[in-house]
Amino acid sequence: MNKRLMSVISIIVVFLAIAFVTTNRTQKNKQQVPTVGILQLVTHPALDQINKGVVAGLKSEGFVNGKTVKIDYQNAQADQSNLKTMAEKFANENADITVGIATPAAQSLAKSANGQNPVILAGITDPVGGGLVKSNNRPGGNITGTSGESPLASHLNLIKRVVPNAKKLGIIYTSSDHGGEYNAKKMQALAQKAGYDVHMYTISTTNDMQQIAETMANQVDAVYAPQDNGVASAMKTLVGVTNKEKVPVFPAVNTMVKDGGLATVSVNQFELGKASGIMAGRVLKGKNPATYPIKFITKGDMTINTSTAKTLGITLPDDIVREAENKGEIYK
C-alpha cells in the first residue's frame, strides 16, 4: 500500500514538474516578444507614410506585429503634453525600443529613455542640431536612425525651371519646428546666393496659416514650403490662398504636392520609414546604436500636380513632366 502511494506521489511530482517547466517556458517566450513603441507627432500624410514604412521595415527584419513583436503606436496630435505623457508611458512600460516620427516626438522619447532603451529616429532633419546625437557617424548613445534631409539644391533648381521669371521667393515655416526652421534657413541662404529676394514668414500654429498666407501671397512671386510638420498640416489652407493669387507653392515632399503644391523633388516617405524600421529591427537583434551611423536618405523623385498647374495657368516643362511620368508621381 505504501509503495502504491509512493508511486502515485512520484507520478504527481513528475507531472507538476513538467507543468511548471512548460509554464515557465511559455511565460519566457511571451517575455521574449519585444515591444516597439512608435510615437508620431501628428496625423498628416507624410508622417503617416513614414509610420507605415517603419512597420514594413520591421517586418522585413522578421518582426511581425502581433506575432514576433508587439507594436504600440501613439499619436500626440501635435500636443506637447501628449508627447511627454506617451513617451513616459513607453519608458514606464520598459518598451524594448522606441521610434520617433518627427523631431519633437524623437526629443520626447530621448528625454524619457534617459540614455537607456534604444530610440530610433524616423526621418529627422537635423539629428545633431536637434540635440539627439553627438555626431552622425558615431551617435554615441542609445539613439540612431534615419535623416530625411531635403534635397534643397534640387528644389531651388526646380523653381528656376518652372517659374524662371520669379524674383521674390517666400519661405514659410513653423517657429517651433526645429526641422522646418533648419530647412527654411538653409534654403534662404541658397536662394539669396542664387539672386532671389527672399522673404521669410513664420507660423506658431496651423491656426496662423490663413492670415500669414494672405500677407505672403501679395508680396512674393513663388513660395517654398520646407519639410515642416506645421506647414504640411496646413498645406490645403496655404494653397487655398496662394492659388487664388496665382502664386505657385513648391513644397518639400510629395504628400504636400498631393495636397495642392505645384511640384517637388521628393524623398519617398514610405521608404524613409522603412529604412528606420530596418534599423530598429537590427538594433533589436543586437546592433549597438552608439556606433550605428545615421542613415541619410536624400535622393528624390519628381512629383507634380497637373491640376494645380492648370489652376495657376502654368505650363510645366515637358522634361519635368516626362521625369514625373517615368520615375516619379503625377497628381491630377
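Structure's up top.
This text gives an overview of the structure that appears in the document.

Criteria and cut-off values
Throughout this document, residue positions are counted from 1 along each chain, in the order its sequence is written. In keeping with the predicted nature of the model, local features appear solely for residues at pLDDT of at least 70, side-chain atom pairs appear and are counted solely at 80 or more, and the whole-chain, interface and lining totals rest on all residues. Hydrogens and water are ignored here; the side-chain numbers use all heavy atoms of the structure. Among the buried residues, those of types Ala, Val, Leu, Ile, Met, Phe, Trp, Tyr and Cys that are joined through side-chain atoms within 4.5 Å form a nonpolar core. Throughout, exposure labels follow a simple rule: accessible area from a 1.4 Å probe, protein chains only, divided by the maximum for the residue type, with under 20% read as buried, over 50% as exposed, and the rest as partly exposed. Residue contacts are defined here by distance: any two heavy atoms, one from each residue, within 4.5 Å place the two residues in contact. Note on conventions: DSSP H or I runs of at least 4 residues are helices, E runs of at least 2 residues are strands, and numbering of each starts at the N terminus. Two strands are counted as paired when DSSP detects at least two bridges linking them. The axes are straight lines fitted to the C-alpha atoms, using for helices just the contacting stretch, and the angles between their N-to-C directions are given from 0 to 180°. Here roughly perpendicular refers to angles of 65 to 115 degrees, roughly parallel to angles under 35, roughly antiparallel to angles over 145, and oblique to all remaining angles. Crossings are classed by handedness, with left-handed meaning an anticlockwise turn of the near helix from the far one by less than a right angle and right-handed meaning a clockwise turn. In this classification, Asp, Glu, Lys and Arg are treated as charged, Ala, Val, Leu, Ile, Met, Phe, Trp, Tyr, Cys and Pro as nonpolar, and every other residue, Gly included, as polar. The way it works is a 1 Å grid over only the protein atoms, where trapped points that fit a 1.4 Å probe form a cavity and open points with protein on both sides within 12 Å along at least five of seven lines form a pocket, and then any residue with an atom within 4 Å of a point lines it. Grid points are joined across faces, edges and corners, and a volume is the space filled by probe spheres set on the points.

On to the nonpolar core. Val162, Ile172, Leu238 and Leu262 are the most contacted members of the largest nonpolar core, which has 52 residues in total. Sequence-distant contacts of Ile172, that is, excluding residues within four places in its chain, are made with Tyr201, Ile203, Met209, Ile212, Met216, Val223, Tyr224, Ala225, Pro226, Val231 and Leu238.

Here strand 8 (residues 222-225) shows a buried face lined by Ala222 and Tyr224 and a second buried face lined by Val223 and Ala225. In this sheet, strand 9 (residues 249-251) lies alongside strand 8 in parallel orientation, the contact comprising 3 bridges. Bridging across to strand 9, Val223 finds its partner in Val249.

Where helix 2 (residues 45-60) meets helix 11 (residues 269-284), the axes come as close as 6 Å, and the angle between the chain directions of the two elements is 40°. Judged by the inter-axis angle, helix 2 sits oblique to helix 11. Classified by chirality, the crossing of helix 11 by helix 2 is right-handed. On the side of helix 2, the interface is formed by Ala46, Gln49, Ile50, Lys52, Gly53, Val54, Ala56, Gly57, Leu58 and Ser60, while helix 11 contributes Gln269, Phe270, Leu272, Gly273, Lys274, Ser276, Gly277, Ile278, Ala280, Gly281 and Leu284. For the contact of helix 2 with helix 11, a count of residues per class yields 10 nonpolar, 9 polar and 2 charged.

A word on the layout of surface pockets. Space left empty within the atom packing is revealed by a probe, the size of a water molecule, rolled over the atoms. Estimated volume of the largest pocket: approximately 290 Å³. Lining the largest pocket are 15 residues; nearest its centre among them are Leu41, Ala78, Thr174, Ser176 and Gly230. The greatest single-element share of the lining of the largest pocket, amounting to 3 residues, is contributed by helix 8 (residues 229-233). A class-by-class count of the residues in the lining of the largest pocket yields 5 nonpolar, 9 polar and 1 charged.

Tracing the sequence through the fold places Ile124 in the loop between strand 4 (119-122) and strand 5 (143-147). Excluding residues that lie within four positions of it along the chain, Ile124 makes contacts with Gly100, Ala102, Thr103, Ala106, Leu132, Thr146, Ser147 and Gly148.

A few words on the sheet that holds strand 10 (residues 263-266). Strand order in the open sheet made by the 3 strands is 10-12-13, with mixed pairing throughout. Two strands in the sheet have a free side with no partner beyond their single neighbour: strand 10 and strand 13 (329-331). Neighbour-to-neighbour, the strand axes of this sheet turn through a mean angle of 15°, independent of strand direction. Each of strand 10 and strand 12 (301-305) touches helix 5 (residues 152-162); the most contacted strand, strand 10, lies at about 155° to it. Across the face of the sheet, helix 13 (residues 318-327) comes into contact with strand 12 and strand 13 while running at roughly 115° to strand 12.

We now examine the pairing of strand 10. Burial along strand 10 is two-sided: the residues Ala263 and Val265 and Thr264 and Ser266 are all buried. Pairing geometry for strand 10 and strand 12, over 4 bridges, is antiparallel. Among the inter-strand pairings, Ala263 is bridged to a residue of strand 12, identified as Ile304.

Relative to the assigned elements, Pro118 resides in the loop between helix 4 (103-113) and strand 4. Classification of Pro118 as buried rests on a relative accessible area of 17%. Sequence separation between Pro118 and Ala95 is 23 residues; the distance between their C-alpha atoms is 9.2 Å. Those residues in contact with Pro118, other than ones at most four positions away along the chain, are Asp96, Ile97, Thr98, Asn142, Val283 and Pro289.

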